[in-house]
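Summary of structural features
The residues making up each chain are set out below.
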Amino acid sequence: MSSLFSISIFQSALELGCIYALVALALFISFTILNIADLTTDGCFTLGCAVGAMVTLAGHPFLAFLAALISGVLAGFCTAFLQTKLGVESILAGIIVNTGLYTINIAVMGFSSLTNLFGCDTIFSIGKDTIGSGVIGDWYKLLIVGAIVALIAVFLWWFLGTTLGMSIRATGDNADMVKSSSINPTFTITVGLCLANSLTALSGALIAQYQKSADINIGTGMVTIALASLIIGQTLIGNKGSMLRRIVGTILGSVLYRVIVAIALRMSVPAEALKLVSAIIVAVAIAAPYVRKKAALKKREFANYRGQRSQEVKENA
């Protein structure tokens with residue numbers, strides 16, 4: 001196992017797992033809470049990456065995150081507007097916005113497919129100068145992203161417990177019911193999608209500063225990766241229980257997914273095959289609860305069959 005894994009690889013997997021956990025939390029809001037298949041994720045992640053990179057390039061590494069959050073809110077608003085005001089199905093609305101974001105993203109990047117941030121101050125370079133030389137050493141990146149994800153997790157836990165948050169959760173359970181309860185589902189869906197996409201864009205801005213670059217295709221397949229993390233978290237923790245437990249499970253699922261990818265890379269799996277690995281992980285994670293349920297049912301049936309056979313043997317004797 002030591003040949004497959006090392007401290008540096010484990011550290012990198014933790015860092016990336018925390019960064020991409022924000023996208024998994026975004027899908028937790030849209031897919032699990034609101035019960036909406038939001039396919040804006042790929043384009044919105046690239047949008048946050050592009051906006052964050054350009055603002056960072058202008059010399060404002062902290063303002064880059066605020067700009068990315070705002071851009072994600074706008075993307076989520078467009079998706080919600082198509083769904084709630086124009087009657088477009090949620091999947092089609094996400095595809096439409098995702099397609100349009102490609103042109104917007106490349107325009108934000110100055111019509112260049114790649115933007116480098118080498119030589120620019122980032123939150124990680126500032127953190128290295130501030131705390132990296134201390135006791136934590138090279139773990140300063142994990143401390144930074146871990147603190148950000150922890151703050152977001154606490155905020156989501158608090159927000160989803162508020163009146164508005166409870167309304168959003170109720171909308172995902174039964175939109176017709178909340179409408180009859182004087183709650184405007186159009187408003188709750190819009191807020192939910194804006195919040196979800198703002199987290200996706202924030203993750204994109206973080207990855208831009210982490211990798212010191214922004215690529216126009218960086219968001220391709222991001223919805224699959226986030227879905228894999230979400231499903232893994234639900235498989236580990238379960239989709240029931242307290243909201244805090246479900247949020248923590250989603251974060252753990254993202255970290256575990258990155259650990260699995262790191263192991264796959266160490267086993268000489270080609271980088272081009274990582275999308276296939278992601279698809280397999282999603283399929284296995286989704287199928288696991290069903291397979292366990294069917295296995296338990298077969299086990300009970302077999303136990304009942306053995307009990308009946310034993311009873312028949314006793315009666316015949």
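Use the structure listed above.
So, here's what we can say about the structure. For clarity, every value in this text was computed on a predicted model and none was experimentally measured.

Conventions we followed
For every chain, the first residue of the written sequence is number 1, and numbering continues from 1 along that sequence. Under the rules for a predicted model, residues below a pLDDT of 70 receive no local features and side-chain atom pairs below 80 are neither given nor counted, while totals for whole chains, interfaces and linings still include all residues. Only hydrogens and water are set aside; all other atoms, that is, all heavy atoms of the structure, feed into the side-chain values. Helix numbering and strand numbering both begin at the N terminus, where a helix is a DSSP run of H or I of at least 4 residues and a strand a DSSP run of E of at least 2. Each residue's exposure class comes from its accessible area (1.4 Å probe, protein chains only) as a fraction of the maximum for that residue type: buried when under 20%, exposed when over 50%, partly exposed otherwise. Two residues form a contact once any of their heavy atoms are found within 4.5 Å. Note on areas: these come from Shrake-Rupley sampling with a 1.4 Å probe, and a residue is covered only by the protein chains present in the view. When charges are counted, Lys and Arg contribute as positive and Asp and Glu as negative, whereas His and the chain ends are disregarded. Here the site of a charge means atom NZ of a Lys, CZ of an Arg, CG of an Asp or CD of a Glu. Pairing of N or O atoms within 3.5 Å defines a polar contact, subject to two protein rules: one partner must be a possible hydrogen donor and the other a possible acceptor, and residues neighboring in sequence count only if both atoms are side-chain atoms. The span you would expect from a helix comes to 1.5 Å times its residue count less one. Each aromatic pair joins two rings of Phe, Tyr and Trp (for Trp, the six-membered one) with centres within 6.5 Å, and gets the label stacked for planes under 30 degrees apart, edge-to-face for over 60, and tilted for any other angle.

**Here we look at the overall build of the chain**
Secondary structure summary: the chain contains twelve helices and two strands in total. Reading the chain from its N end, one meets helices and strands in the order α-α-α-α-β-α-α-α-α-α-β-α-α-α. For the C-alpha atoms alone, the extent of the chain along its principal axes is close to 90 × 60 × 35 Å. A buried classification covers 46% of the 317 residues belonging to the chain. For the chain, long-range pairs separated by at least 24 residues make up 80% of all intrachain contacts whose partners lie at least 6 apart in sequence. In the structure as shown, the chain presents an accessible area of about 15900 Å², 65% of it carried by carbon and sulfur atoms. Positive and negative side-chain charges of the chain, numbering 21 and 14 respectively, have mean locations separated by a distance of 10 Å.

**Some points on the side chain of T250**
Relative to the assigned elements, T250 resides in helix α11 (residues 243–266). Of the polar contacts made by the side chain of T250, one reaches the backbone oxygen of R246; its length is 2.9 Å.

**Some details on α11**
Compared with the 34 Å implied by 1.5 Å per residue over 24 residues, the 35 Å span of α11 between its first and last C-alpha is a close match. Just downstream of α11 lies S268, where phi reads positive at about 65°.

**Section: the packing of aromatic side chains**
Taken as a whole and judged by the stated rule, the model has five aromatic pairs. Seen in terms of ring centroids, F155 and W158 are 6.0 Å apart; in terms of plane orientation they differ by 40°. Their pairing is tilted. Here F155 and its partner W158 are both found in helix α6 (residues 140–159), three residues apart, which amounts to about one turn of the helix. Among the aromatic residues, ring-to-ring pairing joins F155, W158 and F159 into one connected group.

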